[in-house]
Amino acid sequence: MILMIIIGMALVTIIPRFIPAYIVDKVHFPDWVNRWLNAIPYAALGALIFPGVMSVIPDKPIIGILGGMTAVLLAFFGLNIILVVLGAITTVFLLTW
């Protein structure tokens, strides 16, 4: 019984993931739709990261802002993502120490 539930849950989650991937290859969108769709990951990432930046230390949001600005600056210079994250963490650590 439990195995059937697991298989059912797997099917319910995998079907909605495969259908759009299959359809997107067949449909050609206008350029403005493609530009809009390409911006979604950046918008989602910003919406996920920004609240965390503001609440690193609840009574001192400037520390999170400086850490975020460090990450943006390091990313602007094209550093590896690991170095960007480590730079932001180091900045926050040094400002709280």
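What you see is a predicted model; the values in this text were computed from it and never measured.

Caption draft 1: Representation of the overall build of the chain within the structure. Looking only at helices and strands, the chain features four helices and zero strands. Seen in sequence order, the chain has helices and strands lined up from the N terminus as α-α-α-α. A compact globule built from 97 residues would reach a C-alpha radius of gyration of about 13 Å, whereas the chain, at 20 Å, exceeds it by more than 25%. Among the 97 residues that make up the chain, the fraction classed as buried is 12%. Carbon together with sulfur atoms contributes 78% to the accessible area of the chain, which is approximately 8200 Å² in total.

Caption draft 2: Region of interest: the UniProt feature "transmembrane region" (unreviewed entry) in the chain. According to UniProt, the positions carrying the feature "transmembrane region" (unreviewed entry) are residues 6–24, 36–57 and 63–96. Between the first and last C-alpha atoms of residues 6–24 the distance is 28 Å; the span itself is 100% helix and 0% strand. Helix makes up 88% of residues 63–96 and strand makes up 0%, while its end C-alpha atoms are separated by 8 Å.

Caption draft 3: Spatial organisation of the packing of aromatic side chains. Going through the model one piece at a time under the given rule, you end up with two aromatic pairs. On the basis of an interplanar angle of 20 degrees and a centroid distance of 5.8 Å, the ring pair of Phe93 and Trp97 is categorised as stacked. Of the residues examined, Trp97 reaches a relative accessible area of 78% and is grouped as exposed.

Caption draft 4: Helix H4 (residues 81–96), seen in detail. Look at H4: 23 Å from first C-alpha to last across 16 residues, which is about the 22 Å you get at 1.5 Å a residue. Every buried residue belonging to H4 is among Val84, Gly87, Ala88, Thr91 and Val92, and all of these are buried. Mapping the buried residues of H4 onto a view down its axis gives an arc of 125 degrees, with all of them on the same face. Exposed side chains of H4 directed beyond 90 degrees from the buried face belong to Ile82, Ile89 and Leu94. Of the surrounding secondary structure, the elements contacted by the buried residues of H4 are helix H3 (61–76). The N-cap of H4, judged by a side-chain oxygen 3.1 Å from the amide nitrogen of Ile82 a few residues on, is Asn80.

Caption draft 5: Up close: the environment of Ile6. Residue position: Ile6 is located in helix H1 (residues 2–26). Distance from Ile6 to Trp36, taken between C-alpha atoms, is 36 Å for residues 30 residues apart in sequence.

Cut-offs applied
- Residues numbered from 1 in each chain as written.
- Predicted model: local features only at pLDDT ≥ 70, side-chain atom pairs only at ≥ 80, totals over all residues.
- Heavy atoms only, no water.
- Helix = DSSP H or I, 4+ residues; strand = E, 2+ residues; numbered from the N terminus.
- Rg over C-alpha atoms; globule rule 2.2 N^0.38 Å.
- Buried < 20%, exposed > 50% of the residue type's maximum accessible area, 1.4 Å probe, protein only.
- Areas by Shrake-Rupley, 256 points an atom, 1.4 Å probe, with all protein chains shown as cover.
- UniProt positions renumbered as here; feature names shortened; annotations may be inferred.
- Phe/Tyr/Trp six-rings, centres within 6.5 Å; stacked < 30°, edge-to-face > 60°.
- Expected span 1.5 Å × (residues − 1).
- Arc of directions from axis to C-beta.
- Contact = heavy atoms within 4.5 Å.
- Polar contact = N/O pair within 3.5 Å; in protein donor to acceptor, adjacent residues only side chain to side chain.

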